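# Residue-level structural notes
Residues per chain, in single letters:
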Amino acid sequence: MLTIELLNSCAQFAAFDQADRCTLRAPALYALARMKAKAKDLTAFVQTYDPQLQASPAWQAWPAGEAWGFALGQAHAWPQYRDMFFQWLAYEGAGRVLPQALPRLTLSCGAAGFDALLRTAYAVESRHHHELADALALWACCWQARPPLPDAPAGAGGDVLKVLRQLPRITHHHSDWTQAVHQAAHTPSLLRAASALRTGPDTLEQLAGLAAQAYACSGNAAALALVTSADAMRRLLPCVDEPDLALRSYWLDFAATVAVADLQLGKAPTALPWPELLRQARTSRDVRTITLVDCCHHSAKVYGRDGWWQSAATRAVQAAAAWAPSGF
C-alpha cells in the first residue's frame, strides 16, 4: 500500500539523478501501488532506486514580480520553480493552475525525453501537492521552444501510420537524445511532413497503439518513451483548455522522435497474461519497466482492446529480467 509518507519523501530528492536522468521515484511508486504492490515491494524499490538519486538543493524563493515563464528552459531554476508552483497551487489549487500552466508547457511535450510530461501526469493522479509542484517545475526548467506546426492542408487525412511512413529520417550527432529530438522538431522537412496529419479525436489512440507496436517489435528506448508519453498525454488532456493545440504539439514531438530513432522492427515476443505481467512489474526495481507496464495495462482498459499492449509489456519485463543483477 502506498503511504503518504512515501510520496512526501520524494521531495527530499533533486529533479535529476546522479547520471543526470530525470527522477521518476514518485511515478514508479504510484504505478506500483496501482498494480497492488505489497509494502515489501515498495520498500525494496526505494532501497534499490534511492542510492541513484541526489539530495534536493536548497529551496529558493521565486523572484518577486517575475512572470512564471521568464526562466523556462533553465535547468538551474528548478529550486525556484518548485517554490513558485508550490505557492501557486496553494493559493489556487490544481484545478485552476493546470489550465493556466499546461497550455504553455505542452508546447514542449518532449521536454526531458517526455519524462516531464510523464511525471506530471502521475502527479496529477496522485493528488499530491508537493509532487505536482516538483513535476511542473521539472517541465518548466527542461522546456524547449518548438516551432508551431502548420495547420493540416485542406483534404488532409487522419491516418497516423500513413503520415509516419512519409517522415524524413533525420541523422543526428547529439549524444543528448533530447537535443536530437529538439533539432529534428525544427527541421523544415519534418515540419512539412508532420503537418500533413489532420489531428482529431482518434489521433492519440492511433499514436499510442503504434508506439506499443514499435516497442514490442524493437525494444527501442525511444519507442518505450512514446508508449508511456502517449498514456500520460491521454491523462493530462482533460486538464488543458486547448486540447487540440496540445495534441498537435505532442504529435510534433512524437514525429520528431520517430524521425531520429531509426526504429528497426522485428518480431514481438509472445505475450504473457496480464496477471503475470503485473506480478513481474510489482517486483521490478526498474522505473521504466514499472511505468511501461502500468501505462500499457491502463491503455488496454481505456481503448477497449488489447492490441499490442500485452506484447509491449512483455518486452519490458523480459528486458528488465535480462539486465537485472543476480539476486533480483
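Thresholds, definitions, all that
- Residue positions are given per chain, counted from 1 along the sequence in the order it is written.
- pLDDT decides what is reported in this predicted model: residues at 70 or higher carry local features, side-chain atom pairs at 80 or more are listed and counted, and totals for whole chains, interfaces and linings draw on all residues regardless.
- Side-chain numbers here rest on the full set of heavy atoms in the structure, without hydrogens or water.
- What counts as a helix is a DSSP run of H or I of at least four residues, what counts as a strand is a run of E of at least two, and both are numbered from the N terminus.
- Here the globule rule is a power law, 2.2 Å times the number of residues to the power 0.38, and the radius of gyration is based on C-alpha atoms.
- Each residue gets one of three labels from its accessible area relative to the maximum for its type: buried under 20%, exposed over 50%, partly exposed in between, using a 1.4 Å probe on protein chains only.
- The criterion used for residue contact is that any of the two residues' heavy atoms lie within 4.5 Å.
- Positive charges come from Lys and Arg, negative ones from Asp and Glu, while His and the chain ends are left out of the count.
- Throughout, a charge is located at the NZ atom of Lys, the CZ atom of Arg, the CG atom of Asp or the CD atom of Glu.
- A helix's residues, less one, multiplied by 1.5 Å, set its expected span.
- The rule for a disulfide is simple: a pair of cysteine sulfur atoms within 2.5 Å.

Secondary structure summary: the protein chain contains 16 helices and 0 strands in total. Relative to a compact globule of 328 residues, whose C-alpha radius of gyration would be 20 Å, the protein chain shows 19 Å and is just as compact. For the C-alpha atoms alone, the extent of the protein chain along its principal axes is close to 55 × 50 × 40 Å. Out of the 328 residues in the protein chain, the part that is buried amounts to 56%. Within the protein chain, contacts between residues at least 6 apart in sequence are counted, and of these 77% link residues at least 24 apart. Positive and negative side-chain charges of the protein chain, numbering 28 and 27 respectively, have mean locations separated by a distance of 6 Å.

The next subject is helix α7 (residues 129–142). When the terminal C-alpha atoms of α7 are compared, their 20 Å separation across 14 residues agrees well with the 20 Å that a helix rising 1.5 Å per residue should span. Most of α7 sits out of view: 13 of its 14 residues are buried.

This next bit is on the state of the cysteines. Summed over the entire model, instances satisfying the criterion amount to 0 disulfides. You can see Cys 217 has no disulfide; the closest cysteine sulfur is in Cys 296, sitting 13 Å from it. Here Cys 217 falls in the buried class, since its relative accessible area comes to 8%. Cys 295 supplies the cysteine sulfur nearest to Cys 296, a cysteine that is in no disulfide, at a spacing of 7.2 Å.

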